[in-house]
Amino acid sequence: MAKKSIYSAIDVGTTKTCAVLANISENNAMRILGVGVAPTRGVQKGIVVNIDEAKIAIKEAVRKAEHSSGLKIESAWVGVTGRHISCTNSRSAVAISRGDRLVASDDLGRVLSAAKSIEVEGDRQLLHVIPRQYILDGNVGVKNPVGLHGFRLDVDAHIITAAAAAVQNVVKCIRSLNIEVEELVLEPLASAEAVLRPDEKDAGVILADIGGGTTDIAVFRDGSVWHTSVISVGGYQITRDIAIGLGIPFNVAEELKKKYGNLSYDKPPEAEKVETTGLGIGDGHSILRQDLDDIIRARVEEILRLIPMELPPSEYSSLLPAGLVLTGGAANLPGTEMLAQDILHMPVRVGVPTGMAGLSDILYDPAYSTVVGLVLWAMHHAKDEPRQPQGFSRGKAESLARYMATPIRRLLEK
Ligand SMILES: Nc1ncnc2c1ncn2[C@@H]1O[C@H](COP(=O)(O)OP(=O)(O)OP(=O)(O)O)[C@@H](O)[C@H]1O
Ligand SMILES: [Mg+2]
């Protein structure tokens, strides 16, 4: 019987942890075999701050995913986020020294090794080195130079580094459950896999995943990633504003936000009240919907205005004609799309993962873009090579480069 590859992903979010097992169906779609979700504790603004608490959520999500699939997660692609992420674009070059001057895949390997061999500070780790374009004898925009003639091959690469301690804490949590980390993936890159179309990436587009604790940004141009950034603000701050502004407990504010929050222009009459009886803050309380929406709008506007401020100085609206794709749990807030269009003066849509088969029902929600994208990332980037047993090590890029090219772990062979 043919071999089947199972891909597992774990997204340790600030509010929820999600584990997914999937494979590729006969018609090349992603088939979800198991999903597990558990509320997260011990994570703030995308960063593990309490390993024991974070482990409980991961363990629970993994248990549920394994239970629903009947399979065991032995290794997984894992998301990383947090304000500690930083990125840069850099260029590296090699000479094509063979007599025929034909670029071979070795040359591609050499130029990528050159890009990966940058020095990173001792307290930081290289997370990704992503080739954006090749330049052959000064001709820019070459996507695949193999087979072309040339003397000099350059690569423009997008380089992403992370604080070593933050990364190691996530890895520690996962490994303590006897799960190996196949690869760490920057969360906005994962979300982009799930919700961006190739034509948007070609034209120029911003992806913003507004989660519980962070807003994760990835900008694509000419089909490749151009900029990545993480802002430490998300849905949690919206809820906190409601709690403080209306003088109600956080969990009630969270419920109110999800149930009644609405930034659409066809909003209810100003005087309409939300009865909070049954939400756990006692009888007789009522809150003006207008007050609720005003509080939410102020914070959402702030988050939206922060997005272009994170981009390198540029005429972003003309460079990125495909506009902004919003995803993450907070993108569920009705009216956010229109508000973003008004504020940023660019096309905006909400990105929801699609095209899945199997146990995928709950995943058709912007809150699951990252975990679905992690599985897609695994399917697109996994290499069928023996995995390097080494763990994460600090310092030079080579050790991480090995990690970046880790293969599919075949959990199930039939
Ligand atoms: N219908 C809704 N209306 C408003 N906000 C919502 C809605 N549904 C979910 N949210 C908000 O989305 C946030 C959670 O989003 P998500 O699940 O993407 O975050 P996370 O992955 O746990 O966190 P992060 O990615 O920031 O680490 C919460 O703040 C939640 O209140
Ligand atoms: Mg998230």
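Our subject is the structure listed above.
Read on for a plain summary of the structure. The residue count restarts for each chain, going from 1 along the sequence in the order it is written. Chains and ligands are labelled by the order in which they are written, letters from A for the one and numbers from 1 for the other. Under the rules for a predicted model, residues below a pLDDT of 70 receive no local features and side-chain atom pairs below 80 are neither given nor counted, while totals for whole chains, interfaces and linings still include all residues. The side-chain quantities take in all heavy atoms of the structure and omit both hydrogens and water.

## Describing the overall build of the protein
Part 1: Every helix listed is a DSSP run of H or I at least four residues long, and every strand listed is a run of E at least two residues long, numbered separately from the N terminus. A tally of regular secondary structure across the protein gives 12 helices and 19 strands.
Part 2: Of all intrachain contacts in the protein linking residues separated by at least 6 positions in sequence, the fraction that spans at least 24 positions is 67%.
Part 3: For accessible areas, the Shrake-Rupley method is used with a probe of radius 1.4 Å. Any residue's cover is judged against the shown protein chains and nothing else. A total of about 17700 Å² of accessible surface is found on the protein, and carbon and sulfur atoms cover 51% of it. Should any heavy atoms of two residues lie within 4.5 Å, those residues are counted as being in contact.

## Some thoughts on the sheet that holds strand β11 (residues 180-186)
Two modes of strand pairing occur in sheets, parallel and antiparallel, and in both the strands are linked by backbone hydrogen bonds.
Part 1: Any two strands are treated as partners once DSSP identifies two or more bridges connecting them. On the basis of which strands lie adjacent, the open sheet formed by six strands has the order β11-β6-β1-β2-β3-β19 and mixed pairing. Two strands in the sheet have a free side with no partner beyond their single neighbour: β11 and β19 (356-358). Here the strands of the sheet are splayed against their neighbours by 35° on average, with no regard to which way each runs.
Part 2: Where strand β1 (residues 7-12) lies against strand β6 (residues 75-80), two bridges are found, and the strand directions are parallel. Across the sheet, I10 pairs through a bridge with V78, a residue of β6.
Part 3: Only the stretch in contact is used when a helix axis is fitted, and all axes are lines through C-alpha atoms; the angle between N-to-C directions ranges over 0 to 180 degrees. Sitting on the sheet, helix α1 (residues 51-69) is in contact with β1, β2 (16-24) and β3 (30-39), with an inclination near 145° to β3.
Part 4: Sitting on the sheet, helix α4 (residues 187-195) is in contact with β1, β6 and β11, with an inclination near 85° to β11.

## Describing the pattern of salt bridges
Should the charged atoms of two oppositely charged side chains come close, the side chains can pair.
Part 1: The salt bridge criterion pairs a side-chain nitrogen of Lys or Arg with a carboxyl oxygen of Asp or Glu, the two atoms within 4 Å. One pass over the full model with this rule turns up 19 salt bridges.
Part 2: Between E302 and R299 there is a salt bridge, with the nearest N and O atoms lying 2.8 Å from each other. Here E302 and its partner R299 are both found in helix α8 (residues 289-309), three residues apart, which amounts to about one turn of the helix.
Part 3: When its relative accessible area of 36% is taken as the criterion, E302 is described as partly exposed.
Part 4: Look at R299 and you get buried, because its relative accessible area is 15%. Each residue's exposure class comes from its accessible area (1.4 Å probe, protein chains only) as a fraction of the maximum for that residue type: buried when under 20%, exposed when over 50%, partly exposed otherwise.

## Let's talk about the nonpolar core
Part 1: Joining through side-chain atoms within 4.5 Å is the link that ties buried Ala, Val, Leu, Ile, Met, Phe, Trp, Tyr and Cys residues into a set, and such a set is a nonpolar core. Ranked by internal contacts, the top residues of the largest apolar core, which has 71 residues, are I10, V20, M30, I174, L189 and L363.
Part 2: Apart from the residues lying within four places of it in its own chain, the contact partners of L363 are V20, I32, V35, P353, M356, Y368, V371 and V372.
Part 3: Membership of the second largest hydrophobic core comes to 39 residues, among which are A208, I248, V274 and L304.

## Overview of the site of ligand 1
Part 1: Lining the immediate environment of ligand 1, one finds 19 residues, of which T14, T15, G213, E254 and K257 sit closest.
Part 2: Whenever a nitrogen or oxygen atom comes within 3.5 Å of another N or O atom, the pair is scored as a polar contact, on the condition that within protein one atom can donate a hydrogen and the other can accept it, and that pairs from neighbouring residues in sequence are kept only if both atoms are in side chains. Between ligand 1 and G213, the relevant distance is 2.8 Å, taken from an oxygen atom to a main-chain nitrogen or oxygen of the residue.
Part 3: Residue assignment for the shell around ligand 1 shows that the elements contributing at least two residues are α6 (235-246) and α7 (250-260).
Part 4: If one sorts the elements of the shell around ligand 1 by residue count, α7 sits on top with three residues.
Part 5: Residues are grouped as follows: Ala, Val, Leu, Ile, Met, Phe, Trp, Tyr, Cys and Pro are nonpolar; Asp, Glu, Lys and Arg are charged; all remaining types, including Gly, are polar. Tallied by class, the residues present in the shell around ligand 1 amount to four nonpolar, 11 polar and four charged. Only heavy atoms are used to decide nearness, and a residue is near a molecule or strand if one of them lies within 4 Å of it.

## Comments concerning unusual backbone geometry
Part 1: One non-glycine residue, K45, lies in positive phi territory at about 50°.
Part 2: Along the polypeptide, K45 turns up in the loop between β4 (43-44) and β5 (47-48).
Part 3: Phi is positive for D137, which is not a glycine, with a value near 50°.

## Remarks on the sheet that holds strand β8 (residues 124-136)
Part 1: Strands sit in the order β7-β10-β8-β9 across an open sheet of four strands; the sheet is antiparallel. In the strand order of this sheet, the two ends are held by β7 (86-95) and β9 (139-142), each with one partner. Neighbouring strand axes in the sheet, compared pairwise and without regard to direction, differ in orientation by 40° on average.
Part 2: Taken together, the 10 bridges between β7 and strand β10 (residues 152-163) define a ladder with antiparallel strand orientation. Bridge assignment links C87 to a residue of β10, and that residue is I160.
Part 3: Here helix α3 (residues 164-175) sits on the sheet in contact with β8 and β10, set at roughly 75° to β10.

## Comments concerning the packing of α8 against helix α10 (residues 336-344)
The packing of two helices is summarised by the inter-axis angle and the distance between the axes.
Part 1: Two elements in contact, α8 and α10, have axes whose closest approach is 10 Å; the angle formed by their N-to-C orientations is 50°. In terms of axis orientation, α8 runs oblique to α10. As α8 runs across α10, the sense of the crossing is right-handed. In this structure, α8 contributes R297, V300, E301, L304, R305 and P308 to the contact, and α10 contributes T336, L339, A340, I343 and L344.
Part 2: Broken down by class, the residue content of the contact of α8 with α10 amounts to seven nonpolar, one polar and three charged. Any angle between 65 and 115 degrees counts as roughly perpendicular, while under 35 counts as roughly parallel, over 145 as roughly antiparallel, and the rest as oblique. In this scheme the crossing of two helices becomes right-handed for a clockwise turn of the near helix relative to the far one and left-handed for an anticlockwise turn of less than a right angle.

## Some remarks on helix α2 (residues 105-116)
Part 1: Helix span, as expected, comes to 1.5 Å for every residue beyond the first. Counted at 1.5 Å a residue, the expected span for α2 with its 12 residues is 16 Å, and the 16 Å between its end C-alpha atoms agrees.
Part 2: Within α2 the residues assigned to the buried category are D107, L108, V111, L112, A115 and K116.

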